[in-house]
Amino acid sequence: MRIVVGSDHAGFPMKAHVVETIKALGHEVIDVGSFDDQPVDFPDIAKLVTGALSDGTADRGLMVCGTGVGASIAANKVKGIRAAVCHDVHSAHQAVEHDDVNVMCIGAQIVGSWLASDLIKAYLEAEFSTSEEFRRRVDKLHKMDGER
């Protein structure tokens, strides 16, 4: 898969580890910044991450900010994006399996590198369920943001 990765300045110190982990799992990385620890607004990075998903450049996205919350809020403002903050492995997997999440957000000030690796692995290995109940619910989400 092609994974677009973005971080604000709070997530920047963890982003290199995130990129390494994704590559080690055999995926391509599209890094949209930030590229240093200078202050940057997470909504600007969210636009770059979600833009790559919306135009088909990337298959899934991953954002890192201080808590993951701001990144998730910003990403969810974009039509067709389903972003979730994931700080445990079960949620990282189930967010994709049940809710077809296409952007995982993690908090660099909340999780360490070892847990971030486990979260990324769970997120990228998960597949959206073929179960009718989950498909029906996600279809309702699409309708909510006017996609269909």
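Residues numbered from 1 in each chain as written. Predicted model: local features only at pLDDT ≥ 70, side-chain atom pairs only at ≥ 80, totals over all residues. Heavy atoms only, no water.

Visitor: Would you mind showing me how to read helix 5 (residues 113-125) here?
Guide: Within an α-helix, residues lying three or four positions from one another point in the same direction, as the helix has 3.6 residues per turn. Across its 13 residues, helix 5 extends 18 Å between first and last C-alpha, which sits within 8% of the 18 Å expected from 1.5 Å per residue. Listing the buried residues of helix 5 in full gives Leu115, Ala116, Ser117, Leu119, Ile120, Ala122, Tyr123 and Leu124. Those residues of helix 5 that are buried are in contact with strand 1 (2-7), helix 1 (12-24), strand 3 (60-65), helix 4 (89-99) and strand 5 (103-107). (Helix = DSSP H or I, 4+ residues; strand = E, 2+ residues; numbered from the N terminus. Expected span 1.5 Å × (residues − 1). Buried < 20%, exposed > 50% of the residue type's maximum accessible area, 1.4 Å probe, protein only. Contact = heavy atoms within 4.5 Å.)

Visitor: Is there a simple way to explain the state of the cysteines in this structure?
Guide: Joining two cysteines, a disulfide is a covalent bond between their sulfur atoms. A full pass over the atoms with the stated rule returns zero disulfides. With no disulfide of its own, Cys86 lies 8.0 Å from the sulfur of Cys105, the closest cysteine sulfur. A relative accessible area of 1% means that Cys86 is categorised as buried. Counting only cysteine sulfurs, Cys65 is the nearest neighbor of Cys105, a cysteine outside any disulfide, at a range of 6.8 Å. (Disulfide = S-S within 2.5 Å.)

Visitor: Hey, could you run me through the side chain of Ser34 in this one?
Guide: The topology assignment puts Ser34 in the loop between strand 2 (28-31) and helix 2 (42-54). The exposure class of Ser34 is buried, given its relative accessible area of 8%. A polar contact of 3.2 Å, which involves the side chain of Ser34, links it to the backbone oxygen of Asp36. (Polar contact = N/O pair within 3.5 Å; in protein donor to acceptor, adjacent residues only side chain to side chain.)

Visitor: What am I meant to see in the packing of helix 4 against helix 5 here?
Guide: Axis angle and axis distance: for two packed helices, these are the angle between their axes and the distance between the axes, and together they describe the pair. The N-to-C vectors of helix 4 and helix 5 enclose an angle of 20°; their axes lie 8 Å apart at closest approach. The angle between helix 4 and helix 5 falls in the class roughly parallel. Our pair here, helix 4 against helix 5, has a crossing hand that is right-handed. Residues Val89, Ala92, His93 and Val96 of helix 4 form the contact with helix 5, whose own contacting residues are Leu115, Asp118, Leu119, Ala122 and Tyr123. In terms of residue class, the contact of helix 4 with helix 5 is made up of seven nonpolar, one polar and one charged. (Axes fitted to C-alpha atoms, helices over the stretch in contact; angles between N-to-C directions. Parallel < 35°, antiparallel > 145°, perpendicular 65-115°, else oblique. Left-handed = near helix turned anticlockwise from the far one by under 90°. Nonpolar A, V, L, I, M, F, W, Y, C, P; charged D, E, K, R; others polar.)

Visitor: Help me out: how do you make sense of the nonpolar core in this one?
Guide: The tendency in soluble globular proteins is for nonpolar side chains to be buried side by side. Core analysis: the largest hydrophobic core is formed by 26 residues, its most contacted members being Val5, Val18, Ile22, Leu62, Met104, Ile106 and Tyr123. Of all the secondary structure elements, the ones that give two or more residues to this core are strand 1, helix 1, strand 3, helix 4, strand 5 and helix 5. Residue contributions to this core peak at seven residues, all from helix 5. Setting aside anything within four residues of it in sequence, one finds Tyr123 in contact with Arg60, Gly61, Leu62, Ala92, Val96, Val101, Asn102, Val103 and Met104. In this structure, Val32, Ala46, Val49 and Ala83 belong to the second largest nonpolar core, which totals 18 residues. (Core = buried A, V, L, I, M, F, W, Y, C linked by side-chain atoms within 4.5 Å.)

Visitor: What am I meant to see in the packing of helix 1 against helix 5 here?
Guide: Relative orientation of the contacting elements helix 1 and helix 5 amounts to 40°, with a least axis distance of 10 Å. Relative to helix 5, the element helix 1 is oriented oblique. Viewed along their axes, helix 1 and helix 5 form a crossing whose handedness is right-handed. Contact residues: helix 1 offers Met14, His17, Val18, Thr21 and Ile22, while helix 5 offers Ser113, Ala116, Ser117, Ile120 and Leu124.

Visitor: Please explain the packing of aromatic side chains as it appears in this structure.
Guide: Here a ring pair, both rings aromatic, is described through the centre-centre distance and the interplanar angle of the planes. Applying the stated criterion to the full structure yields zero aromatic pairs. Over the face of the ring belonging to Tyr123 we find Arg60, whose NZ or CZ atom lies 5.3 Å from the ring centre. (Phe/Tyr/Trp six-rings, centres within 6.5 Å; stacked < 30°, edge-to-face > 60°. Lys NZ or Arg CZ within 6 Å of the ring centre and 35° of its normal.)

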